[in-house]
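Per-entry structural report
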Amino acid sequence: MKGAPPTRHGQISDMQVIINCVDQRGREMDERWGIGRLPMLVPIEWAERFHAQHKLFNAAVWEFNLKLVRQHGEAMLRAYDKLDQLAREAKGGPLPVDQWEFETEQGLVILVRDLRDTGRAQRHGRQAQVWALDEIANVIRCHPILAAAKDAFPGAQVVSVRPSRTTLEQLDDELSDIPF
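Anyway, here's the lowdown on the structure attached to this text. Sequence order as written defines the numbering, with residues in each chain counted from 1. The predicted origin of the model limits local features to residues at a pLDDT of at least 70 and limits the giving and counting of side-chain atom pairs to 80 or more, whereas totals for whole chains, interfaces and linings rest on all residues. Values shown for side chains rest on all heavy atoms present in the structure; no hydrogens or waters enter the calculation.

**Describing the environment of A121**
What counts, and what does not: Only runs of H or I of at least four residues qualify as helices and only runs of E of at least two qualify as strands under DSSP, and these elements are numbered from the N terminus. Partly exposed describes any residue whose relative accessible area lies between the buried limit of under 20% and the exposed limit of over 50%, with all areas from a 1.4 Å probe on protein chains only and scaled to the type maximum. Should any heavy atoms of two residues lie within 4.5 Å, those residues are considered in contact.
Locating A121 in the fold gives a position in the loop between β2 (107-112) and β3 (128-132). What makes A121 buried here is its relative accessible area of 11%. For the pair formed by A121 and D98, sequence separation is 23 residues and the distance between their alpha carbons is 8.2 Å. Each residue touching A121, except ones within four places of it in the same chain, is listed here: V97, Q99, I110, V112 and V130.

This is the structure:
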């Protein structure tokens, strides 16, 4: 006796397991090679094949087709493994990340050069925030008064930044207006 046919909920649950496996392998590759860098480390024909397979997998997910999700999910795992193998053969393993570390009142901060390297920062089991130079540039862009101070006082160092009184008052919200 086979039992009842799978329900829509059961199929979605089964698909989620497959999607999680593929996502986990992708995160492992991002940590090893840098975010989104693996296809750039292999011959172009393999990168194209990888992207084509990725499109097929995503289409199967959007169609909620368990059979295709399983088929293309397994193919994605093989694709990640193949690209990892090719990258190791070509590069001999991922290069270490250039990083700088410093302590703040909030804890350890690790600074890396490239945004794609944030997942590869060597934390050595420590809790740390990881920032890339692009993110630091965005902070400077969003707070032009910092750049203006550096322009007005060449050679000056930014040693402290405090939010305005208005900002502090807005942050001191008791959440009393939430109805639950």
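Let us keep going from here.
**Re the packing of helix α2 (residues 44-62) against helix α3 (residues 66-91)**
Here is the rule we go by: To define axes, lines are fitted to C-alpha atoms, for helices over the stretch in contact only, and angles between the resulting N-to-C directions are given on a 0 to 180 degree scale. Should an angle lie under 35 degrees it is considered roughly parallel, over 145 roughly antiparallel, and from 65 to 115 roughly perpendicular; all remaining angles are considered oblique. What makes a crossing left-handed is the near helix being turned counterclockwise from the far one by less than a right angle; a clockwise turn instead makes it right-handed. Polar here means any residue other than Ala, Val, Leu, Ile, Met, Phe, Trp, Tyr, Cys and Pro, which are nonpolar, and Asp, Glu, Lys and Arg, which are charged; Gly is therefore polar.
One way to put it is that α2 packs onto α3 with a least axis distance of 9 Å and a crossing angle of 155°. The orientation of α2 with respect to α3, classified from their angle, is roughly antiparallel. Two packed elements cross with a definite hand, and for α2 against α3 that hand is left-handed. Each of W46, F50, Q53, H54, L56, F57, A60 and V61 in α2 lies in contact with α3, whose residues at this interface are L68, V69, H72, G73, A75, M76, A79, Y80, K82, L83 and L86. A breakdown of the residues in the contact of α2 with α3 according to their chemical character gives 14 nonpolar, 4 polar and 1 charged.

**Thoughts on the packing of helix α1 (residues 8-33) against α3**
At a closest axis distance of 9 Å, the pairing of α1 and α3 adopts a crossing angle of 10°. Taken together, the axes of α1 and α3 lie roughly parallel to each other. Across the interface between the two elements, Q11, D14, M15, I18, C21, V22, R25, G26, M29, R32 and W33 of α1 pack against L66, V69, R70, G73, M76, L77, Y80, D81, D84, A87, R88 and K91 of α3. The class makeup of the residues in the contact of α1 with α3 is 12 nonpolar, 3 polar and 8 charged.

**Topic: the side chain of T118**
Operational definition: Contacts described as polar in this section are N or O atom pairs within 3.5 Å, which, within protein, must combine one atom able to donate a hydrogen with one able to accept it, while residues neighboring in sequence count only if both atoms come from side chains.
Note on placement: T118 falls in the loop between β2 and β3. Engagement of the side chain of T118 in a polar contact is seen with the backbone oxygen of L115, the distance being 3.1 Å. Discounting chain neighbours no more than four positions away, the residues touching T118 are I35, V112, V130, A132 and E135.

**Observations concerning the packing of aromatic side chains**
What counts is decided by this rule: For this analysis, a ring pair means two rings from Phe, Tyr or Trp (six-membered ring only for Trp) whose centres lie within 6.5 Å, classed as stacked if their planes differ by under 30 degrees, edge-to-face if by over 60, and tilted for the remaining angles. Criterion for a charge above a ring: Arg CZ or Lys NZ at most 6 Å from the ring centre, at most 35 degrees from the ring normal.
Scanning the model with the defined rule gives 1 aromatic pair in all. Look at F50 and Y80: their rings are 5.1 Å apart centre to centre, the planes differ by 65°, and that puts the pair in the edge-to-face class. Of the two residues, F50 is situated in helix α2 and Y80 in helix α3; the sequence distance between them amounts to 30 residues. Per residue, the accessibility class of F50 equals that of Y80, and both read buried. A cation over an aromatic ring shows up here: R49 above the ring of W46, its NZ or CZ 4.3 Å from the ring centre.

**Some remarks on the sheet that holds β3**
In any sheet, the strands associate via hydrogen bonds between backbone groups, in a parallel or an antiparallel arrangement. Quick note on the threshold: By the convention used here, strands pair only if DSSP detects at least 2 bridges between them.
The 3 strands lie next to each other as β1-β2-β3, forming an open sheet whose pairing is mixed. Of all strands in the sheet, those bounded by a partner on one side alone are β1 (99-104) and β3. Averaged over all neighbouring strand pairs, the angle between strand axes comes to 25°, with direction disregarded. Examined bridge by bridge, β2 and β3 share 5 bridges and lie parallel to one another. Note on β3: the bridge partner recorded for L108 is A128.

**Digging into the layout of surface pockets**
Formally: Definitions used throughout: a 1 Å grid over protein atoms alone; a cavity as a set of points that fits a 1.4 Å probe which cannot get out; a pocket as an open set with protein on both sides within 12 Å along at least five of seven lines; a lining residue as one with an atom within 4 Å of a point. Grid points are joined across faces, edges and corners, and a volume is the space filled by probe spheres set on the points.
Estimated volume of the largest pocket: approximately 900 Å³. As for the largest pocket, its lining consists of 18 residues, of which W131, V139, L146, V158 and V161 are closest to the centre. When residues of the lining of the largest pocket are traced back to their parent elements, those giving at least two are β2, β3, α4 (133-142) and α5 (144-152). The element contributing the most residues to the lining of the largest pocket is α4, with 3 residues.

**Structural notes on the nonpolar core**
Note the cut-off: Take the buried Ala, Val, Leu, Ile, Met, Phe, Trp, Tyr and Cys residues and link them wherever side-chain atoms come within 4.5 Å; each set so joined is a nonpolar core.
Within the largest apolar cluster, 21 residues are counted, with the highest numbers of intra-cluster contacts made by L38, F57 and Y80. Those elements that provide at least two residues to this core are α1, α2 and α3. The greatest single-element share of this core, amounting to 8 residues, is contributed by α3. With near-sequence residues (within four places) excluded, F57 lies in contact with I18, I19, V22, V69, H72, G73 and M76.

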